[in-house]
Amino acid sequence: MNAFSGFYKKNIQERIEILKKERGISDDEAKVLLDSGALDLDTANRMIENVVGINHLPLGIVPGFVINGKEYVVPMCIEEPSVVAGAAKAAKLAAKCGGFTADADEPVMTGQVQLVGISDDALEKFNFNKEEIAVKAKELASGMEMYGGGYKECEAHILDTSRGKMLIAIFYVDVRDAMGANTINTLLEGIAPLLEEKIGGKVRLRILTNLATKRKARAKCVWKKEVVGEDAIEKMLDGYEFAANDIYRCCTHNKGIMNGVDAVAVATGNDWRAVEASVHAYAAMDGYKPLNKFYKDENGDLVGEIELPLTVGTVGGAINTSPIAGISLKILDVKGAQELSMVMAAVGLAQNFAALNALSTVGIQKGHMKLHAANLAVAAGAKEDEVKNVVEKMVEKNDYSTEAAKEILEKLRGG
Ligand code: MEV
C-alpha cells in the first residue's frame, strides 16, 4: 500500500512520521515543522528591514504527483482552503492516466541596460563592439561557469520614446539552479561603463527582466474520458472556452493556476512576486490569454497543456535562510531549478483542472464551506476531536456563521 494513502485523514504528527520514513525528514527538521517554521527573529531581522515580527502560512503537501514517471510529494504554502485538496484530486486522476509529462528550457535569465541620449548610429556601435562587450560579460558572469552556467549572448535594439531614442542592451546568462537575480544584476552594473564608453550616451537602468521567456517550463497531461467522464469533459471545455474568450473570466482562470504555482514558490522560498510578474506579462504578450490549453483529442480524452516562464531556484536567497524552504525542497526531491519549474508547471495545470472540474459541475462552495466551517469550529473553541461533529452539523444546517459554530459546540458539550 502507498505510504501516503489516506494522508489527509491523519493527524499532523502522523503525517510528519510518514515524511520521516518516506522523505528522510530528520528529527530536527520534524521539530522545525512542528514549531511553525522556526524562523527566528534574529534571522528575520537580517532578511528585511524594520522587522517587528514573523507571519506564518500553513504548509500542506500533495503526494502522488506523477511527472515524467517520477512520483513527487509537492509542498504547498498557502492560506486558502481547497487549493491543496484540488491539486491532490487532479494529481490523483492524472496518475490514473499515466501522469504528467514535463520539460524545461535551460535556466537562462535575461537582463537589460538602458542607454539614453544616444547618437543615431548607437546600434551599429553596439554591433561593432559586440565581441568586446561579450568578453567582458563572460568575465562578469564567470562565477556561474563552475556550476555549468555562465554568459550566453547579448543583443540590442532601439526604443523610440517620448523622451527620445534609447538603446536597450540585453544580456542572457545561464544561472543554473539559482533564481539568478543577483548574478544578472551584477553583470549589468559591471558592463554599464563599457557600454557608455563604446556606444556613447548615458546609462540609466540596469536590471533583469522578470519576463523570462528564455526560461520556460511546460507540462502536459491527457486525462482519460473513462477517468474524468465524458460529460464532465464537455462541461470543463465549455468553462475553458469561457476563459479563452472573456478577459474577466480569464483573469480568475489564471489566478487559479497561480494558486498552485505560487504555493510551491512560497514553500520552496522562491520570489513569488517575480513568478507572478513573469507569468502575467507572458499571459498578456498577445492580448491577455489563459496560461494553459484544454482540448479533446481524437479519443475524446481531455488534453491539458501549460507553458510558463518560471524564474525559480533551488539555491541562494531566502532558500538558504528559511528553514521551511530547505525542508520543502527535501520533501519535493528535485535535482535543481529546471526540475522544480517542471513540477510547478504541472501543479499549475492540475490546479486549473481541479477548478474547472469543480466549477463546471458541483461548484466550489461545497468544499470551501466545509473547510470554512472547520475554521469556524476551531475559532469557536472546538477541540480536535470535536471539529468533525461541529462541521457535520453546520453542513446539515447549511449555516456557516460563527454563532452557529458556537451554538452547535455548546449543544454537543451538553450545554
Ligand atoms: C480561487 O482561488 C480560484 C478559482 O476562482 C479559480 C477559477 O475560477 O478557475 C476557483
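Residues numbered from 1 in each chain as written. Predicted model: local features only at pLDDT ≥ 70, side-chain atom pairs only at ≥ 80, totals over all residues. Heavy atoms only, no water.

Chemist: Teacher, can you tell me more about the layout of surface pockets here?
Modeler: It is the rolling of a water-molecule-sized probe over the atoms that shows where space remains empty. Of the pockets and cavities examined, the second largest pocket occupies roughly 430 Å³. Y282, P290, L291, K293 and E307 are, among the 20 residues lining the second largest pocket, the residues nearest its centre. Residue assignment for the lining of the second largest pocket shows that the elements contributing at least two residues are strand 3 (101–104), strand 8 (216–223), helix 11 (272–283), strand 9 (292–296) and strand 10 (302–309). (1 Å grid on protein atoms, 1.4 Å probe; cavity = no way out; pocket = protein on both sides within 12 Å on 5 of 7 lines; lining within 4 Å. Points joined across faces, edges and corners; volume = space filled by probe spheres on them. Helix = DSSP H or I, 4+ residues; strand = E, 2+ residues; numbered from the N terminus.)

Chemist: Could you clarify how one ought to interpret empty space enclosed by the protein in this entry?
Modeler: Tallied over the full model, the rule gives 1 cavity of 30 Å³ or more. Taken as a whole, the largest cavity spans an internal volume of roughly 40 Å³. Considering the residues around the largest cavity, the lining is formed by A104, D105, E106, P107, R215, K216, L310, V312, A337, Q338 and S341. Per-element tally for the lining of the largest cavity: the top contributor is helix 14 (residues 337–359), with 3 residues. For the lining of the largest cavity, the class distribution of residues is 5 nonpolar, 2 polar and 4 charged. (Nonpolar A, V, L, I, M, F, W, Y, C, P; charged D, E, K, R; others polar.)

Chemist: Please explain the site of the ligand as it appears in this structure.
Modeler: In the region of the ligand, the neighbouring residues are E80, R249, T252, H253, K255, G256, N259, A355, L359 and I364. One nitrogen or oxygen atom from the side chain of R249 is found 2.7 Å from an oxygen atom belonging to the ligand. At 2.9 Å, a side-chain N or O of N259 approaches an oxygen atom of the ligand. Relative to its free-state accessible area of 290 Å², the ligand is covered by the protein chains to the extent of 86%. Listed by contribution, the elements that provide at least two residues to the shell around the ligand are helix 10 (247–267) and helix 14. Ranked by residue count, the leading element in the shell around the ligand is helix 10, at 6 residues. The residue makeup of the shell around the ligand, split by class, is 3 nonpolar, 4 polar and 3 charged. (Near = heavy atom within 4 Å. Polar contact = N/O pair within 3.5 Å; in protein donor to acceptor, adjacent residues only side chain to side chain. Areas by Shrake-Rupley, 256 points an atom, 1.4 Å probe, with all protein chains shown as cover.)

Chemist: Teacher, can you tell me more about the sheet that holds strand 10 here?
Modeler: Pairing between the strands of a sheet is mediated by backbone hydrogen bonds and can be parallel or antiparallel. Strand order in the open sheet made by the 4 strands is 3-8-10-9, with antiparallel pairing throughout. Since the sheet does not close on itself, it has two edges, and those belong to strand 3 and strand 9, each with one partner. Between one strand axis and the next, the sheet turns by 10° as a mean value, whatever way the strands run. Direction of pairing for strand 3 relative to strand 8: antiparallel, over a ladder of 4 bridges. Note that in strand 8 the partner of A102 across the bridge is A219. The sheet contacts of helix 9 (residues 230–245) involve strand 8, strand 9 and strand 10, and relative to strand 9 the element is tilted by about 140°. With respect to the sheet, helix 14 is in contact with strand 3, strand 8, strand 9 and strand 10, its orientation differing from that of strand 8 by roughly 45°. (Pairing = 2+ DSSP bridges. Axes fitted to C-alpha atoms, helices over the stretch in contact; angles between N-to-C directions. Contact = heavy atoms within 4.5 Å.)

Chemist: Can you help me understand the packing of aromatic side chains in this one?
Modeler: Both the distance between ring centres and the angle between the ring planes are used here to describe each pair of aromatic rings. Scanning the entire structure with this criterion turns up 6 aromatic pairs. Here the aromatic rings of W223 and F294 are separated by 6.0 Å at their centres, their planes lie at 50°, and the arrangement is tilted. Taken together, the residues span a long stretch of sequence, with W223 in strand 8 and F294 in strand 9 at a distance of 71 residues. Residues W223 and F294 agree in their burial class; the two are buried. Arranged with centres 4.1 Å apart and planes meeting at 20°, the rings of W223 and F353 form a pair that is stacked. (Phe/Tyr/Trp six-rings, centres within 6.5 Å; stacked < 30°, edge-to-face > 60°. Buried < 20%, exposed > 50% of the residue type's maximum accessible area, 1.4 Å probe, protein only.)

Chemist: Help me out: how do you make sense of the sheet that holds strand 5 (residues 150–161) in this one?
Modeler: The 4 strands lie next to each other as 5-6-4-7, forming an open sheet whose pairing is antiparallel. Single-partner strands in this sheet number two, and they are strand 5 and strand 7 (202–208). Within this sheet the neighbouring strands show an average axis-to-axis angle of 20°, counted without direction. In this structure, strand 4 (residues 108–116) lies alongside strand 7, joined through 5 bridges in antiparallel fashion. Residue pairing across strands places L115 opposite V203, the latter belonging to strand 7. Sheet contacts for helix 6 (residues 130–140): strand 5 and strand 6 (164–174); angle to strand 5, the most-contacted strand, approximately 125°.

Chemist: Help me understand the side chain of S328, please; the structure alone is not making it clear to me.
Modeler: Locating S328 in the fold gives a position in helix 13 (residues 323–332). In this structure S328 touches L59, P75, A267 and T268, once residues within four positions along its chain are discounted.

Chemist: How should I be thinking about helix 9 in this particular structure?
Modeler: Residues lying three or four places apart along an α-helix face the same way, a consequence of the helix completing one turn every 3.6 residues. End to end, helix 9 covers 23 Å across 16 residues, agreeing with the expected 22 Å (1.5 Å per residue, within 8%). Listed in full, the buried residues belonging to helix 9 are A232, I233, M236, L237, G239, Y240 and A243. Buried residues in helix 9, looked at end-on, bunch into an arc of 160°, giving them a common side. Every exposed residue of helix 9 that faces more than 90 degrees away from the buried side is listed here: E230, D238 and N245. Those residues of helix 9 hidden inside the fold are in contact with strand 8, helix 8 (225–228), helix 10, strand 9, strand 10 and helix 14. (Expected span 1.5 Å × (residues − 1). Arc of directions from axis to C-beta.)

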